[in-house]
Structure formats: structure tokens, C-alpha cells
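One letter stands for each residue in the lines below.
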Amino acid sequence: MPILADAHEPVDADEGGSLPAEVISCLKSARFLQLGTSYRDYPHVSLMNYTYIPKGDAVPYEEDAVIVMTSERQTKKFFNITVNSRVSILVHDWVSKQTANNAPQGLTQFLLSMNQAELSSISATLNGRARIVDDQEEERFFKEKHLASNPTDARLFIDAENVAVIVVKVSSARVADVDNNIVNWKEPGAESTPQLSNAGANGASHTNGIL
């Protein structure tokens, strides 16, 4: 059964104070996300370790829920964020084909299948604003959170010299499930991302300020 609205057309953006529960669950369980940044008309995508920090757990630095990542300062994504704080994030809990092909057999496979059945099986495109943490105490706070929630082999990307902390506050989301049901969400008062509308009578398309 689909976990979202039973429609293949996107549901109008629902305004609420926190991310949909399915998105929060996905952020808590996934290992990586894809971070999209841009400079002028040059987009850039990076595979990132990350840490989701729920609302209230980052006080006094952030009251709302945030996503924390780190990046070396000489990277393209770091530069992009310094000139354009708008970012997009893709996170999902799909089971990949390679994982399925290489899965163990017998009882282990049965238990693995049961665990996979509990996954919400969604992909979520999140939009928000990123900032680079400049304060040393705040940087230390978020790095400790980030280190605690990631495996030891990720330390190189988190606690190395010249690594900056990136904090993202999500303002809108577009969520799809395995049946291609789509739901939009945005926080109250958040700006909407442009979306291509249907072509007009002369064949020209235009954008509307909707998620």
C-alpha cells in the first residue's frame, strides 16, 4: 500500500511546523545523501555523510531540526554555498539492485527481507538554506554530533584539518513513494521553489512559484 496520498499527481504543498514523519524516519536511517549546490548556472552534486539533528537537540545554536555535513574548504560545494546558500538534498531508503543481487541466502535473507519491509521506501527532495559555521565552539559542538552518528572511517571527512561544518535548515520537501505518489510540504512562510507549468497556447512554458 502506498504510504503517501493515493494519487500520481502531486498533492498541494502542506504547511506544517516539522518535516513529514516519513522524511524524518528516512533521514534517521539512511547513510548518505546527495547535496546539490550551484553557482550561477553551474549546478554541482556531492555524495555526503550527514547527521540529522532533531528539533531542540542543537540548542543554543539551532532551535529547529537541522542537517549537518562537513566539507573541506577548497571544494566546489563549499565555494558554492558561500555565494549561494540555497541547496537541494536528495535522500532515500531504496534497496539497490546491487544490494539485492549480493544479499545473503537462507535465514539471513529472510530476516533481511523482513527488515526491508519495514522501510518506508521513499525518496525525498529537500530544499533549504545552508550556512558555514564560523564560531569555534559551535563548530566543535556540531562536529561531535556528526562524529558520534557516523562510522569511524568517516572521521577523515569530519575531523580533518581545514574541514568546515555546514548546517542546513530544510524549508520544503517533495516526497515520493514506490508507487510514485507525491506529496509536497513546506514550513509556514517558506519561499516556494519555481516549477515549470504547462505550455501555453503559443507553446511557451513559464514558471510558477510553487513547490
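Conventions and cut-offs
- Residues numbered from 1 in each chain as written.
- Predicted model: local features only at pLDDT ≥ 70, side-chain atom pairs only at ≥ 80, totals over all residues.
- Heavy atoms only, no water.
- Helix = DSSP H or I, 4+ residues; strand = E, 2+ residues; numbered from the N terminus.
- Buried < 20%, exposed > 50% of the residue type's maximum accessible area, 1.4 Å probe, protein only.
- Areas by Shrake-Rupley, 256 points an atom, 1.4 Å probe, with all protein chains shown as cover.
- Contact = heavy atoms within 4.5 Å.
- Polar contact = N/O pair within 3.5 Å; in protein donor to acceptor, adjacent residues only side chain to side chain.
- Phe/Tyr/Trp six-rings, centres within 6.5 Å; stacked < 30°, edge-to-face > 60°.
- Pairing = 2+ DSSP bridges.
- pLDDT = per-residue confidence, 0-100.
- Salt bridge = Lys/Arg side-chain N within 4 Å of Asp/Glu carboxyl O.
- Arc of directions from axis to C-beta.

Trainee: Provide a residue-level description of the overall build of the chain, including the pertinent values.
Mentor: Across its full length, the chain holds six helices and 11 strands. Burial analysis of the chain (211 residues in total) assigns 37% to the buried set. Of the roughly 12,400 Å² of accessible surface on the chain, a fraction of 51% belongs to carbon and sulfur atoms.

Trainee: With reference to specific residues and values, describe the environment of threonine 37.
Mentor: Following the sequence through the fold, threonine 37 ends up in strand E2 (residues 32–39). For the pair threonine 37 and lysine 77, spaced 40 residues apart in the sequence, the C-alpha separation amounts to 6.1 Å. The contacts of threonine 37, once residues within four sequence positions are left out, are Tyr42, Pro43, His44, Lys77, Asn80, Ile81 and Val87. A polar atom in the side chain of threonine 37 sits 3.0 Å from the side chain of asparagine 80.

Trainee: Kindly report on the packing of aromatic side chains, identifying the contributing residues and their values.
Mentor: Considering all chains together, one arrives at four aromatic pairs under this definition. Residues tyrosine 61 and phenylalanine 141 carry aromatic rings whose centres are separated by 5.1 Å and whose planes lie at 50° to one another, so their mutual orientation is tilted. Residue tyrosine 61 is located in the loop between strand E4 (51–53) and strand E5 (66–72), and its partner phenylalanine 141 is located in helix H5 (residues 136–148); the two are separated by 80 residues in the primary sequence. Here tyrosine 61 and phenylalanine 142 contribute two aromatic rings whose centre-to-centre distance is 6.2 Å and whose plane-to-plane angle is 55°, an arrangement assigned as tilted. Of this pair, tyrosine 61 sits in the loop between E4 and E5 while phenylalanine 142 sits in helix H5, and the two are 81 residues apart along the sequence. In this structure tyrosine 61 comes out as partly exposed when scored by relative accessible area, which is 28%. Each residue in the set Tyr61, Phe141 and Phe142 is aromatic and connected to the rest through ring pairs, giving one cluster.

Trainee: Would you mind going over the pairing of strand E6 (residues 86–92) in detail, with residue names and values included?
Mentor: Here E6 shows a clear split, with Val87, Ile89 and Val91 buried on one side and none of Arg86, Ser88, Leu90 and His92 buried on the other. Both E2 and E6 contribute to a ladder of three bridges, which runs antiparallel. Residue pairing across strands places glycine 36 opposite serine 88, the latter belonging to E6. Where E6 and strand E7 (residues 122–132) come together, seven bridges link them in antiparallel fashion. Residue pairing for E7: serine 88 is matched across the bridge by asparagine 127.

Trainee: Talk me through the confidence of the model for the chain; I want residue IDs and the actual numbers.
Mentor: Of all residues in the chain, 70% have pLDDT values of 70 or greater, and the mean over the chain is 81. Below pLDDT 50 for its whole length, residues 1–11 participates in 32 contacts with residues either more than four positions away or in separate chains. Segment residues 204–208 is flagged for pLDDT under 50; beyond a separation of four residues in sequence, or across chains, it makes 16 contacts in the model.

Trainee: Describe the pattern of salt bridges, and please don't skip the residues or the numbers.
Mentor: Scanning all chains against the criterion turns up eight salt bridges. In this structure, arginine 140 and glutamate 137 form a salt bridge, with 2.7 Å as the shortest nitrogen-oxygen distance. Residue arginine 140 and its partner glutamate 137 are located together in helix H5, separated by three residues, close to a single helical turn. Judged by relative accessible area, arginine 140 falls into the partly exposed class, the value being 40%. Relative accessible area serves as the criterion here: at 47%, glutamate 137 is assigned to the partly exposed category. Put simply, lysine 143 and glutamate 139 hold a salt bridge, and the shortest N to O gap is 3.9 Å.

Trainee: Describe in detail helix H1 (residues 21–29), supporting the description with residues and values.
Mentor: The complete set of buried residues in H1 reads Val23, Ile24, Cys26 and Leu27. Along the long axis of H1, the arc covered by the buried residues comes to 160°, so they all point the same way. Residues Ala21 and Lys28 are exposed on H1 and point more than 90 degrees away from its buried face. Where H1 is buried, its residues touch E4, E5, E6, E7 and strand E8 (163–177).

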